[in-house]
Amino acid sequence: ERHALFSDAGSRLSKKTGTPRILELNAPLQRERRVRSPARAERMTTADLGSAARLVCVSSWLADWAVEEHGCVHDRVRIVPNGTSLSTLGDRVSIRTELGLSGLVLGFVGSHKAWHRLTSIPEILDHLPGALALVVGDGPCPPPVDPRIIRMGATSPDKLVGLIAAMDVGLIPYGSDAPPWFSPLKLYDYLAQGVPVVAADIGDLAAAVGSRGEVVQTDSAQAWAAAVERQSARSRVVYTRTWDDVLSEALDGLSL
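Scoring rules and cut-offs
Here, residues in each chain are numbered from 1, in the same order as that chain's written sequence. Residues qualify for local features only when their pLDDT is at least 70, as the model is predicted, and side-chain atom pairs are given and counted only at 80 or more; totals for whole chains, interfaces and linings, by contrast, use all residues. Side-chain measures were taken over the full set of non-hydrogen atoms in the model, leaving aside hydrogen atoms and water. What makes a nonpolar core is a set of buried Ala, Val, Leu, Ile, Met, Phe, Trp, Tyr and Cys residues whose side-chain atoms join them at distances within 4.5 Å. Relative accessibility under 20% of the residue-type maximum defines a buried residue, over 50% an exposed one, and the middle range a partly exposed one, all with a 1.4 Å probe and only protein chains included. Residue contacts follow a heavy-atom distance rule, with two residues in contact if any of their heavy atoms lie within 4.5 Å. Pairing between strands is defined by DSSP: at least two bridges between them are needed. Each helix is a run of DSSP H or I of at least 4 residues and each strand a run of E of at least 2, with the numbering of both proceeding from the N terminus. The angle between two axes is taken between their N-to-C directions and runs from 0 to 180 degrees, where each axis is a line fitted to C-alpha atoms and a helix contributes only its stretch in contact. Orientation is classified from the angle alone, with under 35 degrees giving roughly parallel, over 145 giving roughly antiparallel, 65 to 115 giving roughly perpendicular, and any other angle giving oblique. Crossing handedness: left-handed means the near helix sits turned counterclockwise from the far one by under a right angle, and right-handed means the same turn made clockwise. Here the term charged refers only to Asp, Glu, Lys and Arg, the term nonpolar to Ala, Val, Leu, Ile, Met, Phe, Trp, Tyr, Cys and Pro, and the term polar to all other amino acids, Gly among them. Take a side-chain nitrogen of Lys or Arg and a carboxyl oxygen of Asp or Glu: if they are within 4 Å of each other, that pair is a salt bridge.

A. The arrangement of the nonpolar core in detail. The biggest cluster of nonpolar side chains holds 51 residues, and the ones touching the most others in it are Leu106, Leu187 and Tyr190. Dropping the residues within four chain positions of it, Tyr190 is found in contact with Gly107, Phe108, Val109, Ile164, Met167, Gly170, Leu171, Ile172, Val195 and Val197. Of all hydrophobic cores here, the second largest spans 19 residues; its members include Leu23, Ala27, Ala52 and Val77.

Below, the structure is given as C-alpha cells:
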C-alpha cells in the first residue's frame, strides 16, 4: 500500500485479517500540501506508519522523518529507492535523425516545477556552444522559449525510451529549494538507457548517482556545463533498476 493522508483502510484490513502490511512512503504528504486539519493529519500519519509490518521509504530523509517525528520502530523501516519501467533500449540513431539532433544533447524528463530549475538550461547552454537541450514532460514552470531547447511535452513510455536514448547527458538540475525526500524516477530512466547523469547535490542523489555520473554542489552554470562535458565523454553503460528489484528489496528478510 502507498501511504495516503487520512486513510486507515489498509491498517484496519490488516488488523481484521491478520495479514502483514507493507506500506510505501514516498513523501511527507502534510508538508507537500495544505491540509485543513494538520493535527489530525499528524495523528493519523503516526498511526498509519506505525501499524505497518514494514515501512518502505524511498529516501533516507523519509526514513529519518518516520522514525524521529512519528516514532516508527527503526527495525521496521527499510530504505528502497525507486526504479524504472523502461526495460528496453531506445533507438538512439533513428530518434536523433528524426529530430535533426547532432552534437551534444542535454536532456531533462519530468514535471516542470519551480524547484526543477529549468530556467538554468539556457545558462548552461551558453557555456556549451553548439549544444541543444531536449526537454520531455510538462508542468507549471517550463523552460524558457529558446531555439536551443526542444520541448517535447508529455509522452508515452514507448516513445520516452527513444527520447532518452537520444540524449548524451541527463540533467537533474534541482535548486536548493528542492524537497530532499524524493527518489527521482528520471534518474533511473536515464541510467536504463545508458545516459550518464549530472545532478544537484540534493537528498540521496549523490549516493544514487554514484559512479554513473556526478553531482554539482553549486548553481553555477559554468560548473554545470563543465560537468556535462565530462560526462558526455564517458562510455555509455546501461544500468537498469527494475520494479522487480524494488519489490525484492522491499520484501527482503520479511517473514510473511
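After presenting the structure, the write-up continues.
B. Layout of the sheet that holds strand 6 (residues 149-153). In spatial order, the strands read 6-5-4-7-8-9; together these six strands make up an open sheet with parallel pairing. Because the sheet does not close on itself, it has two edges, and the strands there are strand 6 and strand 9 (213-216). On average, each strand axis in the sheet is inclined to that of its neighbour by 20 degrees, with strand direction left out of account. Across three bridges, the pairing between strand 7 (residues 169-172) and strand 8 (residues 197-200) is parallel. Directly across from Ile172, in strand 8, lies its bridge partner Ala199. Running over the sheet, helix 7 (residues 157-165) touches strand 4 (105-109), strand 5 (132-136) and strand 6 and is turned about 160 degrees from strand 5. Taken strand by strand, helix 8 (residues 185-192) contacts strand 4, strand 7 and strand 8, and its axis lies near 175 degrees from that of strand 7.

C. Geometry of the packing of helix 3 (residues 38-50) against helix 4 (residues 60-70). Relative to each other, helix 3 and helix 4 sit at 115 degrees, their axes nearing to 11 Å. With respect to each other, helix 3 and helix 4 are oriented roughly perpendicular. As helix 3 packs across helix 4, the resulting crossing turns out to be left-handed. Taking contact as the criterion, the partners of Glu42, Thr45, Thr46 and Leu49 in helix 3 are, on helix 4, Trp65, Ala66 and His70. For the contact of helix 3 with helix 4, the residue count by class is three nonpolar, three polar and one charged.

D. Broad picture of the pattern of salt bridges. Applying the stated criterion across every chain yields a total of 13 salt bridges. Linking Arg21 and Asp48 is a salt bridge whose minimum nitrogen-to-oxygen distance equals 2.3 Å. Taken as a pair, Arg21 in the loop between helix 1 (9-17) and strand 1 (22-25) and Asp48 in helix 3 lie far apart in primary sequence, 27 residues in all. Across the pair, Asp48 and Arg21 agree in class, each one buried. The partner of Asp168 in a salt bridge is Arg92, and the shortest N-O contact between them spans 2.7 Å. Of this pair, Asp168 sits in the loop between helix 7 and strand 7 while Arg92 is found in helix 5 (residues 92-99), placing the two residues 76 residues apart along the sequence. Residue Arg92 is classed as partly exposed on the basis of its relative accessible area of 24%. Linked by salt bridges that have partners in common, Glu1, Arg21 and Asp48 make up one network.

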